[in-house]
Structures are given as structure tokens and as C-alpha cells.
Amino acid sequence: EVQLVESGGGLVQPGRSLKLSCLASGFTFSNYGMNWIRQAPGKGLEWVASISSSSSYIYYADTVKGRFTISRDNAKNTLYLQMTSLRSEDTALYYCARHLYRGNVMDAWGQGASVTVSS
Amino acid sequence: DIQMTQSPSSLSASLGDRVTITCRASQDIGNYLTWFQQKPGKSPRRMIYGATNLEDGVPSRFSGSRSGSDYSLTISSLESEDVADYHCLQSIQYPYTFGAGTKLELK
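Residues numbered from 1 in each chain as written. Chains lettered and ligands numbered in written order. Predicted model: local features only at pLDDT ≥ 70, side-chain atom pairs only at ≥ 80, totals over all residues. Heavy atoms only, no water.

**Brief notes about the overall build of chain B**
Scanning chain B from N- to C-terminus turns up 0 helices and 11 strands. Sequence-ordered secondary structure for chain B, helices as α and strands as β, is β-β-β-β-β-β-β-β-β-β-β. A compact globule built from 107 residues should have a C-alpha radius of gyration of about 13 Å, and chain B, at 13 Å, falls within 12% of that. Viewed in the frame of its principal axes, chain B has a C-alpha envelope of about 35 × 25 × 25 Å. For chain B, with 107 residues in total, the buried portion stands at 47%. (Helix = DSSP H or I, 4+ residues; strand = E, 2+ residues; numbered from the N terminus. Rg over C-alpha atoms; globule rule 2.2 N^0.38 Å. Buried < 20%, exposed > 50% of the residue type's maximum accessible area, 1.4 Å probe, protein only.)

What follows is the structure, encoded as C-alpha cells:
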């Protein structure tokens, strides 16, 4: 069974940092690109970042570029999102999701990790 | 960036109704269009990919279609379990962009 389990969320003050993890199981993690997607309370989905299977290609939304870093460790079957200089508008549920190629994206999602940025 | 204009933002329908939700792309996205269903408190679930391909396990009352730059998700006969938010996504180029979502409720 394909599973994606996010962790590392929590309450953090503006300007501080937080690192999310997404542990994958039930499939060959190193064959898949991965994404982070977030959803602010009561709002729609927002794509945040993507990383290719071998980390050769990385993309970010303009809203997080320069502040967030996506990375992965294929030996540990884990995806990461390092978030720095956090703002109140980064408050959201953060999901990880896999994709095989651009025509076959986000077929499996985690349960989400909640991030609240507040003083 | 490619804008995905999703309509309607909310929809109230009766059991057995035919329901259609549409996303219009601001640029050519080919068939790189995915539909997700999200029930309250749950993660999104992929329903349709490649504009018209039904995900395994998704009921056949769901279908996807394309007419030019308009992409539609249709439920042929609404059931109570279909009450959810629906989102479209373009994945032809980065940044990937979602539609604003449609809240589907029972009348």
C-alpha cells in the first residue's frame, strides 16, 4: 500500500524556521518526483515546490522562492521541506504528493502537516 | 504563469442530477489537466488525469472532457458521497496552478 506520512508541523513565530518531512512507503520512492502542496485554512490548494526523482530538477512557487528548500533522501525514502523566514501567510496544511511525470501527477497524497505561523 | 479559472465556485444539486464543473486555462495546456476530490478533513483524491482518464477505483459516473481550453468534470448522476470540494490542476509547466475550487453540496 502506498503511504506518505508528513511530520514536523507545529506552531512557530514569524521569521523562524521549520522543517517538514514526508516518509514514503509501499513504492519505489527513487522512481518518483515529489511535490509539496499547501492549503491555507478554508482556502484552495496551492502548489509549493517540486523535486525530480534524482533531485536534478527543482521548482518553487514565487511565494516561497528564496525562503523554502525542497530536498529528498532516496536512501531514507524521505522528502523534506525546509522553511525559513516564515510569515503568517505560510500558515497552512502542507501535503506531500508524488508524481511519475507531468501527465501523471499527484496520484497519492499524505495526510498533511499543519503549520501555524503566529506570535 | 498559467491561470486556471474554475466555475462555479459553489454548486447545489439534487441526488441524481447531472453535475458539471469547468476549468478554463489561460494558455494551451494540452491534456495536462487533473481533477481532485477533497472531502472535509481529508486529503485530496485524484479522480481524473490527462483530462479524460479515470483513476482506478473511481466510479464510472465521473468523467472528464475537454473542449478547446475548457476542461470539464461531470458527474452523471449525483450521489450523496460525491459531496465534496473539487479542484483542477494544470501540470504542463511550472509553476503548477490549481483552480480556486468548487464546493458541491446537496440541495
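Let's pick the thread back up.
**A look at the sheet that holds strand β1 (residues 4-7) of chain B**
Residues and elements named next belong to chain B. With antiparallel pairing, the 4 strands of this open sheet are ordered in space as β1-β3-β8-β7. Edge positions in the sheet fall to β1 and β7 (62-67), since each of these pairs with one other strand and no more. Sheet twist, expressed as the average angle between the axes of neighbouring strands with direction ignored, equals 20°. Bridging between strand β3 (residues 19-25) and strand β8 (residues 70-75) involves 6 bridges; their strand directions are antiparallel. Residue pairing for β8: R24 is matched across the bridge by D70. (Pairing = 2+ DSSP bridges. Axes fitted to C-alpha atoms, helices over the stretch in contact; angles between N-to-C directions.)

**Remarks on the interface of chain A and chain B**
A common measure of how large an interface is: the accessible area buried when the components associate. The interface of chain A with chain B comprises 21 residues on the first partner and 21 residues on the second. Both sides of the chain A and chain B interface together cover about 1,700 Å² of buried area, and 60% of this is carbon and sulfur. On the chain A side of the contact with chain B, L45, W47 and R102 of chain A bury the most area, a combined 36% of that side's loss. Between the two partners, chain A and chain B, sit 0 salt bridges. Between chain A and chain B we count 8 residue pairs in polar contact (both at pLDDT 80 or more) in total. For the side of chain A that touches chain B, the leading source of residues is strand β10 (residues 104-109) of chain A, giving 5 residues. Residues belonging to the side of chain A that touches chain B are distributed by class as follows: 8 nonpolar, 9 polar and 4 charged. (Contact = heavy atoms within 4.5 Å. Buried area = accessible area lost by both parts, 1.4 Å probe. Salt bridge = Lys/Arg side-chain N within 4 Å of Asp/Glu carboxyl O. Polar contact = N/O pair within 3.5 Å; in protein donor to acceptor, adjacent residues only side chain to side chain. Nonpolar A, V, L, I, M, F, W, Y, C, P; charged D, E, K, R; others polar.)

**Comments concerning the nonpolar core**
Core analysis: the largest hydrophobic core is formed by 42 residues, its most contacted members being W36, Y94 and M106 of chain A. Residue assignment for this core shows that the elements contributing at least two residues are β3 (18-25), β4 (33-39), β5 (45-51), β7 (68-73), β8 (78-83), β9 (92-101), β10 and β11 (113-117) of chain A. Non-local contacts of M106 of chain A, meaning those with residues more than four positions away in its chain, are made with N35, I37, W47, A97, R98 and H99 of chain A together with F36, R46, L89, Y96 and F98 of chain B. M4, I48, F62 and L73 of chain B belong to the second largest nonpolar core, which has 23 residues in total. (Core = buried A, V, L, I, M, F, W, Y, C linked by side-chain atoms within 4.5 Å.)

**A few points about the pattern of salt bridges**
The tally for this structure, following the rule as stated, stands at 12 salt bridges over all chains. Here R61 of chain B and E81 of chain B are joined by a salt bridge, their closest N and O atoms 2.8 Å apart. Of this pair, R61 of chain B sits in the loop between β6 (53-54) and β7 while E81 of chain B sits in the loop between β8 and β9 (84-90); the two residues are 20 residues apart in sequence, bridging distant segments of the chain. Note that D85 of chain B and K103 of chain B form a salt bridge whose closest N and O atoms lie 3.6 Å from each other. Residue D85 of chain B is located in strand β9, and its partner K103 of chain B is located in strand β11 (residues 102-106); the two are separated by 18 residues in the primary sequence. Where salt bridges share partners, they join R38, E46, R67 and D90 of chain A into one cluster.

Everything listed is a geometric property; what it means functionally is a separate question.
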